[in-house]
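Breakdown of the fold
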Amino acid sequence: MKKLLVIATIVLAGLATTSCDSYLDINQSPDSPTEGNMTSSIMMPAAEMNLVASYGDFLRIAGGYHAQYYSQYFGTSNYLDYSQFNMSATRSSSTYTQLMSRTLKSLDQILKMSRQQQEWGTYLAATTLKAFTYQVLVDCYGEVPYTEAMQDLNNMSPKYDDGTMIYDAMIDSLDNAMAHIETGEEKVCTNILYPSEDPSDLTVFPISYPWYQFASALKLRMLMRESKVKDVKEQVAAIIEEGMLPDEDIKYAGIWKEESGQANPFYSEEEWSKFGSTQKNVIANIALIGTMIQTVNGQGYEDPRLSKMFKKGDYGWAGGVSGTNFSTTKQYKASYWCRPRLAFDDPVYFITVAEIDFFLAEYYASIGDHVNAEKYYNEAIESSFDTYEVDGADEYVALFPYDAANYQKCIGVAKWVALAGINTFEGWCEVRRLGYPAFGTVIGDDIYNEDTDAYTPEKYVPGTLYTPIKVFNQVGSGKLLQRYPYPESSSARNGNTPAFPGYTAPVFWAK
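Residues numbered from 1 in each chain as written. Predicted model: local features only at pLDDT ≥ 70, side-chain atom pairs only at ≥ 80, totals over all residues. Heavy atoms only, no water.

This next bit is on the pattern of salt bridges. Side-chain pairing between opposite charges can occur once the charged atoms of the two side chains come close. Evaluated as defined, the whole model comprises 18 salt bridges. Measuring nitrogen to oxygen at the nearest pair gives 2.7 Å for the salt bridge that ties Glu 430 to Arg 433. On the criterion of helical spacing, the pair formed by Glu 430 and Arg 433 is a turn pair, its members being three residues apart in helix 15 (residues 424–434). Take Glu 430 and Arg 433: they sit in the same class, and that class is buried. It is possible to trace a salt-bridge network through shared partners that takes in Asp 139, Arg 221, Arg 225, Glu 355, Glu 362, Lys 415, Glu 426, Glu 430 and Arg 433. (Salt bridge = Lys/Arg side-chain N within 4 Å of Asp/Glu carboxyl O. Helix = DSSP H or I, 4+ residues; strand = E, 2+ residues; numbered from the N terminus. Buried < 20%, exposed > 50% of the residue type's maximum accessible area, 1.4 Å probe, protein only.)

Applying the stated rule across the entire model yields 46 aromatic pairs. Seen from their ring centres, Trp 211 and Phe 214 are 5.8 Å apart, and the 25 degrees between their planes marks the pair as stacked. Taken together, the positions of Trp 211 and Phe 214, both in helix 6 (residues 209–226) and three residues apart, correspond to about one turn of that helix. Each member of the pair, Trp 211 as well as Phe 214, is classed as buried. Consider the rings of Tyr 486 and Phe 500, whose centres lie 6.1 Å apart with planes at 80 degrees: the pair is edge-to-face. Remark: Phe 500 occurs in the segment after helix 17 (488–491) and Tyr 486 occurs in the loop between strand 12 (464–465) and helix 17; sequence separation between them is 14 residues. (Phe/Tyr/Trp six-rings, centres within 6.5 Å; stacked < 30°, edge-to-face > 60°.)

Our next topic: a negative patch on the surface. A surface patch of negative charge is lined by Glu 382, Asp 386, Asp 391 and Asp 394. Looking at the element boundaries, Asp 391 is found in the loop between helix 12 (370–388) and helix 13 (393–399). (Patch = residues over 30% accessible without salt bridge, like charges linked within 9 Å, V, L, I, M, F, W, Y side chains within 5 Å. Areas by Shrake-Rupley, 256 points an atom, 1.4 Å probe, with all protein chains shown as cover. Lys, Arg positive; Asp, Glu negative; His and termini not counted. Charge placed at Lys NZ, Arg CZ, Asp CG, Glu CD.)

Inspection of every chain in the model, using the stated rule, returns four cavities of 30 Å³ or more. What lines the largest cavity is simply Tyr 55, Gly 56, Arg 60, Asn 264, Phe 266, Pro 347, Val 348, Tyr 349, Ile 422, Asn 423, Thr 424 and Phe 425. Listed by contribution, the elements that provide at least two residues to the lining of the largest cavity are helix 1 (40–66), strand 8 (348–351) and helix 15. In terms of residues, the lining of the largest cavity owes the most to one element, helix 1, which gives three residues. Counted by class, the lining of the largest cavity contains seven nonpolar, four polar and one charged residues. (1 Å grid on protein atoms, 1.4 Å probe; cavity = no way out; pocket = protein on both sides within 12 Å on 5 of 7 lines; lining within 4 Å. Points joined across faces, edges and corners; volume = space filled by probe spheres on them. Nonpolar A, V, L, I, M, F, W, Y, C, P; charged D, E, K, R; others polar.)

Two faces belong to every sheet, and in a regular strand the side chains alternate between them. Strand direction decides the pairing type here: strand 6 (residues 293–296) and strand 7 (residues 299–302), joined by four bridges, are antiparallel. By the bridge assignment for strand 7, Thr 295 is matched with Gly 300. Between strand 6 and strand 7, which pair antiparallel and follow one another directly, the connecting turn spans two residues, one of which, Asn 297, has a positive phi of 55 degrees. (Pairing = 2+ DSSP bridges.)

Take a positive patch on the surface next. Together, Lys 280, Lys 308, Lys 311 and Arg 341 make up a positively charged patch on the protein surface. On the secondary structure map, Arg 341 appears in the loop between helix 10 (306–309) and strand 8.

Direction vectors running N to C along helix 11 (residues 353–366) and helix 14 (residues 407–418) enclose 175 degrees, while the axes themselves pass 11 Å from each other. By the criterion of interaxial angle, the relationship of helix 11 to helix 14 is roughly antiparallel. Residues Phe 358, Phe 359, Ala 361, Glu 362, Ala 365 and Ser 366 of helix 11 touch helix 14, and the partners they reach there are Tyr 407, Ile 411, Ala 414, Lys 415 and Ala 418. A breakdown of the residues in the contact of helix 11 with helix 14 according to their chemical character gives eight nonpolar, one polar and two charged. (Axes fitted to C-alpha atoms, helices over the stretch in contact; angles between N-to-C directions. Parallel < 35°, antiparallel > 145°, perpendicular 65-115°, else oblique. Contact = heavy atoms within 4.5 Å.)

What follows deals with helix 15. Of all 11 residues that make up helix 15, 11 are buried, and the element is covered over most of its length. A positive backbone phi angle near 85 degrees is found at Gly 435, which sits one or two residues after helix 15.

Residue Tyr 436 is joined to Pro 437 through a cis peptide bond whose omega torsion reads -5 degrees. Mapped onto the secondary structure, Pro 437 falls in the loop between helix 15 and strand 9 (438–439). Positive phi, close to 60 degrees, is recorded for Gln 68, a residue that is not glycine. Of note, Gln 68 is situated in the loop between helix 1 and strand 1 (70–72). One non-glycine residue, Asn 297, adopts positive backbone phi at about 55 degrees. Along the chain, the position of Asn 297 falls in the loop between strand 6 and strand 7. Given the relative accessible area of 75%, Asn 297 is considered exposed.

Moving on, we get to the side chain of Thr 122. Of note, Thr 122 is situated in helix 4 (residues 120–141). Apart from residues no more than four positions distant in its own chain, Thr 122 is found in contact with Ser 40, Met 44, Ile 110, Ser 114, Lys 187, Val 188 and Cys 189.

Before going further, it helps to spend a moment on helix 11. If you check helix 11, its first and last C-alpha atoms are 20 Å apart, about what 14 residues at 1.5 Å a residue would give, namely 20 Å. In terms of residue burial, helix 11 counts as a mostly covered element, since 13 of its 14 residues are buried. Trailing helix 11 by a residue or two, Gly 368 shows a phi angle of about 85 degrees, which is positive. (Expected span 1.5 Å × (residues − 1).)

The structure is reproduced here in structure tokens:
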């Protein structure tokens, strides 16, 4: 995967451009700010862009294959291993390093400065991004260095901490940071997510209110992730009672340019022909196509959100099959398949209102309040259609209504669809946690036979997953990739790296 040099231009007026490599590089330019004169307003955008570049590119791509939103393009093989439910220790190493050595180290420096100066708005913003980053790391690996990771930057072998402990520590840190926000008017350093109305005046800062809402939404996500393994009902009820969940999607938008290194990360990866490369990898998976276009109660249905996610191939809506790149096909070549519909200025979504509503629907269902559960399920569908800017939520709800008797299934499948073109990493997480879509009896070889070139998409059963062709043997049939092996960039030099529990060993919240 190409190394993105993402430049945050829109909110950095008056500052040098900030790249993914800008702070804590070993080889610093003599013209760059040094650690001695670093400020939160210089460091925060760099930390954000390291996080956005990782979350919006590698994790979107890998999550898309592992949740069966994506399959591999004709004749190419860059992510064929992802398509077969594999992830090597090498593949995620650069992203792990970017998050641990750049994002988190920068955020920890911001936290120290803002705590010393009692700049509680900045403290909340940095805490929220730190908790978000650790959520992502735990969701990938299960266990990562935490307690010793930032104490001594010269410690090359920090111990790995249990994911449960890290999640709880991050939730506690959010509570602590939020407790310092008394009026919602505390200033926040220059940042990209919620920039000042006047970016040319670096003395004008946004207030902390939107960051408080972000923190509330992140707490809800993390608590609901934990809800299968611990009782979090009181904490979730408190969030609902406080009424500070966002009513707008949390996303990095309005900051991208159609220039090399400055476009949306996923666009840069998959539409790089704009900048001289011919690399293409991602096509729509038959699991997604077959679920969003199906016959329901004798009525044909095409989900209007699909056309916002993908472009039709030359022969209509055709979904590829996990585990193959169709390299030997005689008829199903490149133009047959549906490519992502991408733009250079697409947002990178962190948390959507639809995701929040789905969590609330699940919470209410779990306490037996199916009236509110249905209400929030319906609102989640409406919010999702709003995000994709299409009509049709009422028709979807009529065809796929809330089902109190099988609420995890109806929520799980509907959420899987809603996240497909927005946040594929979280889609993979939620499939692992909820167990839906579940695996059916049809396997990838039933849908496409590499030997005979027989492609029979009608065999796919809507709302299910299927075993990929040539599935990775350490995952096996009817199973999902549950975690990534500890990254080589850490395990190769860290003697405290634990033994890998296996690709099908769930992270703590999915057990």
